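Single-letter residue listing:
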Amino acid sequence: MKLGIIGLPNVGKSTLFNSLTKAGAESANYPFCTIDPNIGVVAVPDERLDVLGKMYNTKKIVPAVIEFVDIAGLVKGASKGEGLGNQFLANIREVDAIVHVVRCFENDNIVHVDGSIDPLRDIETINLELVFADLEVIERRIAKTVRTAKNDKKAAKELELLKKIKEFLEAGRLAKDFECADDEEETFFRTYDLLTAKPVIFAANVAEDDLADDGESNPGVAAVRAYAAENGCEVFVICAQIEQEIAELDDDEKGMFLEDLGLSEAGLDKLIKASYKLLGLMSYLTAGEPEVRAWTIKKGTKAPQAAGKIHTDFERGFIKAEVISYDELVENGSIAAAKEKGFVRQEGKEYVMQDGDVVLFKFNV
């Protein structure tokens, strides 16, 4: 899973990225300090892996991972090359979802590019730049498709779709709200890889004082939450500065620090939960002495396709899956005890995987 962190300059993007990845990306009180997209890979915290590791006396624990891309601050006119322009819009195209950092804190020492704090205005600014960038993609595709549409029915159908999308975007609407008429249009639509079609998680960046009540008393956060609810987005509240301090602590200190702040979890955990929920993801587990590992799949994935995440041969030669839920395995104390009591199930090709399934795939090629 790859998440792109975007927002206006000086909203806390690079500070958040540093805290998530401990990558030490340069952060400063001026726009465009992120000249190249910074990339960091973060392990998804999953206490189930440690429990299984002890149970199986395993040599190696491999968590699921998320890749974060810190993208330079966008400004008005980015789609036309303002600021650092289109190169950063291109970086956003490669991500599965967008983490849009929105400034909801006042601080006279940190300048705002538009001179005041207004989260909805900032969201609108970014959205418009992404819409303009998408329009450019669609217009180029129209110019290319017009040449073949006269003698090709498929191209003619695509041209009609492109014109509909262009009109939709020109009305200031986001591609994720566009409804395709049939599967063929859906197939065309996916190939355009439009920025405004990507799922969005809003990170409402607040001052430390607003953390304890999860931003409930912050009008900016309320505005972001209302916008997200209307537009099918996820929201989590963070204080990027505090997150950076948390990132420097070891696990014991981290727990105490969070407790002192009245927090039950760090921002990374909130973000991971929001991204898994938004993208419809979950993890299944494999366990043995050589390795305990988490595998990320979409909810609704059937056993052969889940096996294919490990190796294509597992999917091609799938025979069956030996499955037990994590909770049942832990209750029984070992896989041998669980088998003896009949908790380990034999599942076939139509089995839909569940979060926390501990699986051994049988295959033959």
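Up top you'll find the structure we're talking about.
Owing to the predicted nature of the structure, the values given are computational and were not obtained by experimental measurement.

**Some words on the overall build of the chain**
Part 1 of the argument: Counting secondary structure elements, the chain contains 14 helices and 12 strands.
Part 2 of the argument: Taken over 365 residues, the chain has a buried fraction of 49%.
Part 3 of the argument: By sequence separation, contacts in the chain at least 24 residues apart represent 69% of the contacts at least 6 residues apart.
Part 4 of the argument: Element-wise, carbon and sulfur atoms account for 49% of the exposed surface of the chain, whose accessible area totals about 18,000 Å².

**As for the packing of aromatic side chains**
Part 1 of the argument: Here the structure, examined in full by the defined rule, presents 7 aromatic pairs.
Part 2 of the argument: Aromatic pair Y284 and W295: ring centres 6.4 Å apart, planes at 15°, arrangement stacked. Of this pair, Y284 sits in strand β8 (residues 281-287) while W295 sits in strand β9 (residues 292-298), placing them 11 residues apart in sequence.
Part 3 of the argument: Three or more aromatic residues joined by ring pairs make a cluster, and in this case those are Y284, W295, F318 and F361.
Part 4 of the argument: Sitting above the plane of the W295 ring, R293 keeps its charged end 4.2 Å from the centroid.

**With respect to the nonpolar core**
Part 1 of the argument: By size, the foremost hydrophobic cluster in this structure holds 91 residues, and its most contacted members are F68, I165 and F202.
Part 2 of the argument: Counting residues per element, this core draws most heavily on helix α4 (residues 119-149), at 10 residues.
Part 3 of the argument: Once you skip the residues sitting within four places of it in the chain, I165 turns out to touch I138, F178, F189, Y192 and L194.
Part 4 of the argument: Judged by nonpolar contacts, the second largest core, of 15 residues, contains A303, A306, A321 and V323.

**Looking at the environment of I117**
Part 1 of the argument: With respect to the helices, strands and loops of the structure, I117 is situated in the loop between β5 (97-103) and α4.
Part 2 of the argument: Residue classification places I117 among the partly exposed positions, given a relative accessible area of 23%.

**Looking at the pattern of salt bridges**
Part 1 of the argument: Within this structure, the stated rule accounts for 28 salt bridges.
Part 2 of the argument: Overlapping salt bridges, with partners in common, bring together D214, E216, R225 and K270 in one network.

**Looking at the packing of α4 against helix α5 (residues 153-170)**
Part 1 of the argument: Relative to each other, α4 and α5 sit at 155°, their axes nearing to 9 Å. Here α5 runs roughly antiparallel to α4, going by the angle between their axes. Seen from above, α4 lies across α5 with left-handed handedness. Contacts between α4 and α5 pair V131, D134, L135, I138, E139, R141, I142, T145, V146, T148 and A149 from the former with A155, A156, E158, L159, L162, K163, I165, K166, L169 and E170 from the latter.

**Overview of the side chain of E234**
Part 1 of the argument: The residue E234 is located in strand β7 (residues 234-238) in this model.
Part 2 of the argument: If near-sequence neighbours (up to four positions away) are discounted, E234 is found in contact with V200, I201, F202, A274, K277 and L278.

**Focus: the packing of α4 against helix α7 (residues 219-231)**
Part 1 of the argument: Taken N-terminus to C-terminus, the directions of α4 and α7 make an angle of 45°; their axes are 9 Å apart at the nearest point. As the angle between them shows, α4 and α7 are arranged oblique. Along the contact surface, α4 presents P119, L120, I123 and N127, while α7 presents G220, A223, V224 and Y227.
Part 2 of the argument: Considering only residue class, the contact of α4 with α7 consists of 6 nonpolar, 2 polar and no charged.

Conventions we followed
- Residues numbered from 1 in each chain as written.
- Predicted model: local features only at pLDDT ≥ 70, side-chain atom pairs only at ≥ 80, totals over all residues.
- Heavy atoms only, no water.
- Helix = DSSP H or I, 4+ residues; strand = E, 2+ residues; numbered from the N terminus.
- Buried < 20%, exposed > 50% of the residue type's maximum accessible area, 1.4 Å probe, protein only.
- Contact = heavy atoms within 4.5 Å.
- Areas by Shrake-Rupley, 256 points an atom, 1.4 Å probe, with all protein chains shown as cover.
- Phe/Tyr/Trp six-rings, centres within 6.5 Å; stacked < 30°, edge-to-face > 60°.
- Lys NZ or Arg CZ within 6 Å of the ring centre and 35° of its normal.
- Core = buried A, V, L, I, M, F, W, Y, C linked by side-chain atoms within 4.5 Å.
- Salt bridge = Lys/Arg side-chain N within 4 Å of Asp/Glu carboxyl O.
- Axes fitted to C-alpha atoms, helices over the stretch in contact; angles between N-to-C directions.
- Parallel < 35°, antiparallel > 145°, perpendicular 65-115°, else oblique.
- Left-handed = near helix turned anticlockwise from the far one by under 90°.
- Nonpolar A, V, L, I, M, F, W, Y, C, P; charged D, E, K, R; others polar.

Remember, this is a structural readout, not a statement about activity or role.
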